[in-house]
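Chain by chain, the residues:
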Amino acid sequence: MNTIPKKNVDLIIPVYNEEEIIKHTHARICAVIDKLPYQFTLYYVNDGSNDRTSTLLNELNDSRINLIELSRNFGHQAALTAGIDASKAEIIISMDGDGQHPPEMLQEMIELVIQGYDIVQTQRIDKYQPSSLKKKTSSLFYKLINKMSNTKIVQGTADFRAMSRQAVDALKEMHEYHGVLRGMIAWTGFSTIILPYQPDERSGGVSKYSLRKMLSLATDAIFSFSLVPLYIGLSFGGLLLFLALAELTYVLSFWIRGETSTLAPGWSSLMFIILIVAGLQMILIGFIGVYIGYIFQEVKRRPVYLVKKD
Ligand code: UDP
Ligand code: MG
């Protein structure tokens, strides 16, 4: 009797200094995947840890593990990209290595991809919050990015998601140095389902996302998905030109009323020149900015369009 070959599923798990919990994380994932009827490969991406993470992963001696060692700490997004580039399966799932992304959801995520969704995006629901600072900055980030960009990123959708090969191939076409996967995924526009979940507490250790790393992620997202900051210079320039016009009208009203003697000598011409010159300069810098923005978009080499396979 012919048995149907099991579907391949790749798990991508970036880890940075997770020696306290890596074994526990792996055991918890195994407890789930050992019961599932799929062929799993676990891509652990060691993002330049300087503790025993790598040794412990090697000690696990599990033939399903594929360890990718980055030469230094490149950051979570780069580590995920390394895993995505290495993955070969038809279904690819990225999750954190700190136990916050419950492996118990894997089955449902895989089944949804098999049903035809290209992106199964989990969404953190609000009951658990790491800290109020993280909560506030994260909510501000989503509000800002969704105002400024045409690519909409749903609040609380971090890097715990399942993707079809088609979605991953599209992602691989977008090899961006300042890439932010949750934005790039949303940008592809493939069929998506949002799966709410309640994140667990970190199983141990501390968050590796410092405030600096979070700010850098937010800046990357805003600048890679929006040209709005460029238009700030242009708008300021426009405002200064408007002020120059207002000043001109104001001064003219004195001439019409024959009250020029009440004007301080030299004030009107000086103000006018300052406003006009500053306004024009701002506008010209803004134009240069827009060109740079367009160049930035071109060098990112995002595909102009993506075609659905089925
Ligand atoms: N991580 C990484 N490189 C980094 C920072 C974090 O690979 O520079 C990994 C980390 O080991 C974890 C995941 O990315 O598996 C998410 O990080 P963390 O849990 O510290 O972030 P938080 O959940 O606090 O946002
Ligand atoms: Mg975490």
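Relevant structure appears above.
Computed from a prediction, not measured in an experiment: that's the story for all the values here.

About the thresholds
- Residues numbered from 1 in each chain as written.
- Chains lettered and ligands numbered in written order.
- Predicted model: local features only at pLDDT ≥ 70, side-chain atom pairs only at ≥ 80, totals over all residues.
- Heavy atoms only, no water.
- Donors = N, O, S within 2.8 Å, 3.2 Å for Na, K, Ca; no water.
- Buried < 20%, exposed > 50% of the residue type's maximum accessible area, 1.4 Å probe, protein only.
- Core = buried A, V, L, I, M, F, W, Y, C linked by side-chain atoms within 4.5 Å.
- Helix = DSSP H or I, 4+ residues; strand = E, 2+ residues; numbered from the N terminus.
- Contact = heavy atoms within 4.5 Å.
- Near = heavy atom within 4 Å.
- Polar contact = N/O pair within 3.5 Å; in protein donor to acceptor, adjacent residues only side chain to side chain.
- Nonpolar A, V, L, I, M, F, W, Y, C, P; charged D, E, K, R; others polar.
- Salt bridge = Lys/Arg side-chain N within 4 Å of Asp/Glu carboxyl O.

Trainee: Describe the coordination of the magnesium ion (ligand 2), and please don't skip the residues or the numbers.
Mentor: Of the protein atoms, only Asp98 (OD) and Gln100 (OE1) coordinate the magnesium ion (ligand 2), at distances of 1.9 Å. Summarising the burial analysis for this pair, Asp98 and Gln100 share the class buried.

Trainee: Any details on the nonpolar core? Residues and values, ideally.
Mentor: Ile12, Val45, Ile84, Ile145, Met163 and Leu171 are the most contacted members of the largest nonpolar core, which totals 31 residues. Elements with a minimum of two residues in this core: strand 2 (38-46), helix 3 (76-86), helix 5 (132-148), helix 6 (165-172), helix 7 (181-188) and helix 8 (211-225). It is helix 8 that provides the largest number of residues to this core, a total of five residues. Apart from residues no more than four positions distant in its own chain, Val45 is found in contact with Ile12, Ile13, Pro14, Val15, Ile68, Leu70, Ala79, Ala82 and Gly83. The next biggest cluster of nonpolar side chains, apart from the first, holds 30 residues, and it includes Ile29, Leu36, Leu106 and Ala162.

Trainee: I'd like a description of the site of ligand 1, backed by residues and values.
Mentor: Near ligand 1 lie 18 residues; those nearest to it are Glu18, Asp47, Asp98, Ser207 and Lys208. Within the backbone of Gly97, one N or O atom sits 2.8 Å away from an oxygen atom of ligand 1. Of the residues contributing to the shell around ligand 1, the split by class is four nonpolar, six polar and eight charged.

Trainee: Can you lay out the pattern of salt bridges for me, pointing to particular residues and giving the numbers?
Mentor: Applying the stated criterion across every chain, the model contains 13 salt bridges. Put simply, Glu18 and Lys208 hold a salt bridge, and the shortest N to O gap is 3.1 Å. One end of the pair, Glu18, is in the loop between strand 1 (7-15) and helix 1 (22-33); the other, Lys208, is in the loop between strand 7 (192-197) and helix 8, and 190 residues separate them in sequence. Of the charged contacts, one joins Arg64 and Asp62 as a salt bridge, the two residues approaching to 2.9 Å between their closest N and O atoms. What makes Arg64 partly exposed here is its relative accessible area of 22%. Each of Glu18, Asp98, Arg202 and Lys208 takes part in one network of salt bridges that share partners.

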